[in-house]
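Letter by letter, the chains look like this.
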Amino acid sequence: MNEVLQNMLTRRSVRAFADTPVESEKLKTILQAATYAPSGMGKQSWQFTVVQKKEQIQKLAAVMAEALQKPEYDLYRPACMILVSGEKENGNHLADTGCAMENIMLMAHALGLGSCWVNQLKELSDVPAVRAVLDGFGVPQDHGVYAIAVLGYPAGDLPQPKPRREGVVHYA
Ligand SMILES: Cc1cc2nc3c(=O)[nH]c(=O)nc-3n(C[C@H](O)[C@H](O)[C@H](O)COP(=O)(O)O)c2cc1C
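From a predicted model like this one, the values you see are computed outputs, not experimental measurements.

Engineer: Mind showing me how you'd approach the packing of aromatic side chains here?
Structural biologist: Note on aromatic pairs: each is described by the distance of the centres and the angle between the planes. Following the criterion strictly, the structure yields 1 aromatic pair and no others. Ring centres of tryptophan 46 and phenylalanine 48 lie 5.4 Å apart, and the angle between their planes is 50 degrees; on these two criteria the pair is classed as tilted. Residues tryptophan 46 and phenylalanine 48 agree in their burial class; the two are buried.

Engineer: Teacher, can you tell me more about the nonpolar core here?
Structural biologist: Generally speaking, a soluble globular protein has its nonpolar side chains buried in company with each other. Formed by 25 residues in total, the largest nonpolar core has its most connected members in Leu60, Leu75, Met81, Leu83, Leu121 and Ile148. Of all the secondary structure elements, the ones that give two or more residues to this core are α3 (54-68), β2 (80-87), β3 (114-118), α5 (121-124), α6 (128-137) and β4 (143-152). No other element matches α3, which puts 6 residues into this core. Ignoring sequence-local partners within four residues, the contact set of methionine 81 consists of Thr49, Val50, Val51, Ile57, Leu60, Leu75, Phe137, Ile148, Ala149 and Val150.

Engineer: Teacher, can you tell me more about the sheet that holds β4 here?
Structural biologist: Adjacent strands of a sheet pair through backbone hydrogen bonds, lying either parallel or antiparallel. Here we have 4 strands laid out as an open sheet, ordered β1-β2-β4-β3, and antiparallel in their pairing. Two strands close off the open sheet at either side, each with one partner strand: β1 (46-51) and β3. Adjacent strand axes in the sheet meet at a mean angle of 20 degrees when their direction is disregarded. Note that β3 and β4 share 5 bridges and pair antiparallel. Paired with valine 118 across the two strands is isoleucine 148, which belongs to β4. Each of β1, β2 and β4 is contacted by helix α2 (residues 24-35), which is oriented at about 165 degrees to β1, the strand it contacts most. Against the sheet, α6 engages β1, β2 and β4, with an angle of about 100 degrees to β2.

Engineer: Explanation requested: the site of the ligand in the structure shown.
Structural biologist: Every residue lining the ligand is accounted for by Arg11, Arg12, Ser13, Arg15, Tyr76, Cys116, Trp117, Val118, Asn119 and Gln120. In the model, an oxygen atom of the ligand is placed 3.0 Å from a nitrogen or oxygen of the arginine 12 side chain. The side chain of serine 13 places a nitrogen or oxygen atom 2.6 Å from an oxygen atom of the ligand. Burial of the ligand by the surrounding chains reaches 62%, relative to a free accessible area of 620 Å². By residue class, the composition of the shell around the ligand is 4 nonpolar, 3 polar and 3 charged.

Engineer: Even after reading the chapter, I still don't get the packing of α2 against helix α4 (residues 93-110), so can you show me in this structure?
Structural biologist: A pair of packed helices is captured by two measures, namely the crossing angle of their axes and the spacing between those axes. Viewed as axis vectors pointing N to C, α2 and α4 meet at an angle of 150 degrees, and their least axial separation amounts to 8 Å. With respect to α4, the element α2 is oriented roughly antiparallel. Where α2 crosses over α4, the two elements pack in a sense that is right-handed. Across the interface between the two elements, Thr29, Ile30, Ala33 and Ala34 from α2 touch Ala100, Asn103, Ile104, Met107 and Ala108 from α4. Taken together, the residues that form the contact of α2 with α4 break down as 7 nonpolar, 2 polar and no charged.

Engineer: I keep staring at α3 and nothing clicks. Help me out?
Structural biologist: Residues that lie three or four places apart on an α-helix share one face, since the helix turns once every 3.6 residues. Relative to the 21 Å expected for 15 residues at 1.5 Å per residue, α3 spans 21 Å between its end C-alpha atoms, a close match to the ideal helical length. Among the residues making up α3, those that are buried are Ile57, Leu60, Ala61, Val63, Met64 and Ala65. Here the buried face of α3 lies against β1, β2, α5, α6 and β4. Glutamine 69 occupies a position one or two residues after α3 and carries a positive phi of about 55 degrees.

Engineer: Help me understand the environment of valine 84 in this model?
Structural biologist: Its place among the elements puts valine 84 in strand β2. When residues no more than four places from it in sequence are discounted, the contact partners of valine 84 are Gln47, Phe48, Thr97, Ala100, Met101, Ile104, Gly144, Val145, Tyr146 and Ala147.

Cut-offs and rules
The numbering scheme is per chain: residues are counted from 1 as the chain's sequence reads. Predicted model: local features are reported for residues with pLDDT of at least 70 only, side-chain atom pairs are reported and counted for 80 or more only, and whole-chain, interface and lining totals are derived from all residues. Hydrogens and water molecules were not included; the side-chain quantities draw on all heavy atoms of the structure. Only rings of Phe, Tyr and Trp enter the pairing, Trp through its six-membered ring, and a pair is recorded when the two centres are within 6.5 Å. The plane angle decides the type: under 30 degrees is stacked, over 60 is edge-to-face, the rest tilted. Burial classes: relative accessible area under 20% of the type maximum marks a residue as buried, over 50% as exposed, and values in between as partly exposed (1.4 Å probe, protein chains only). Among buried residues, the Ala, Val, Leu, Ile, Met, Phe, Trp, Tyr and Cys ones that are joined through side-chain atoms within 4.5 Å form a nonpolar core. Secondary structure elements follow DSSP: runs of H or I of four or more residues count as helices, runs of E of two or more count as strands, with numbering from the N terminus. When checking whether two residues touch, look at their non-hydrogen atoms; a contact exists if any pair is within 4.5 Å. If DSSP finds at least two bridges between two strands, the strands pair. Lines fitted to the C-alpha atoms define the axes, with helices restricted to the stretch that makes contact. Angles between their N-to-C directions range from 0 to 180 degrees. Consider each residue's heavy atoms; a residue with any of them within 4 Å of a molecule or strand counts as near. Any pair of N or O atoms that falls within 3.5 Å is considered a polar contact. Within protein, one atom must be able to donate a hydrogen and the other to accept it, and sequence-neighbouring residues count only if both atoms are side-chain atoms. Per-residue and other accessible areas follow the Shrake-Rupley method at a 1.4 Å probe size, with only the shown protein chains counted as cover for residues. Under the convention adopted here, Pro, Cys and the residues Ala, Val, Leu, Ile, Met, Phe, Trp and Tyr are nonpolar, Asp, Glu, Lys and Arg are charged, and Gly plus all remaining residues are polar. Throughout, the term roughly parallel applies to angles under 35 degrees, roughly antiparallel to angles over 145, roughly perpendicular to angles from 65 to 115, and oblique to all others. Take the far helix as the reference: if the near one is turned anticlockwise from it by less than a right angle, the crossing is left-handed, and if turned clockwise, right-handed. Take the residue count of a helix, subtract one, and multiply by 1.5 Å to get its expected span.

The structure is reproduced here in structure tokens:
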């Protein structure tokens, strides 16, 4: 089977991570994949903010937990996370983020790492306590964070994929 397709078919969202750190070379490769994603009109008006310190990750999780009123919220305690932000004024920011996220998740999988898309920051980026943490991380003021890629070595086996929906392909 084609190796790109094989990678796509075997990637799964990972929500439990080992303590093992992500090697910086692997992280660089993942970020290179992210920056080579397509973007509307080639604007690349994104930033990939990497956070590797556990206490920093949990600092963000804590303000998100407060905003969501979900005390147990912990971003799955990953080894590392990439905040994918884009210019709020760019009408393609969500599509651009999606393309970059897919590159991140597939590249991570190809390197033996697990990842998961975490969505909640999209609505919370401008909550003052959350924004203060994002400011501290260096996320530009005119950016929203449209996705977080949580990353790390999977703790345990990858789950099986859900069966694919029938009838979603239509030849006109
Ligand atoms: C736009 C989008 C938002 C998502 N948000 C979350 C999320 O906030 N938390 C989470 O655990 N998974 C999230 N996921 C992961 C999906 O739940 C997951 O991709 C889906 O259940 C299929 O499983 P798979 O990725 O293992 O194939 C998101 C995925 C996408 C594409």
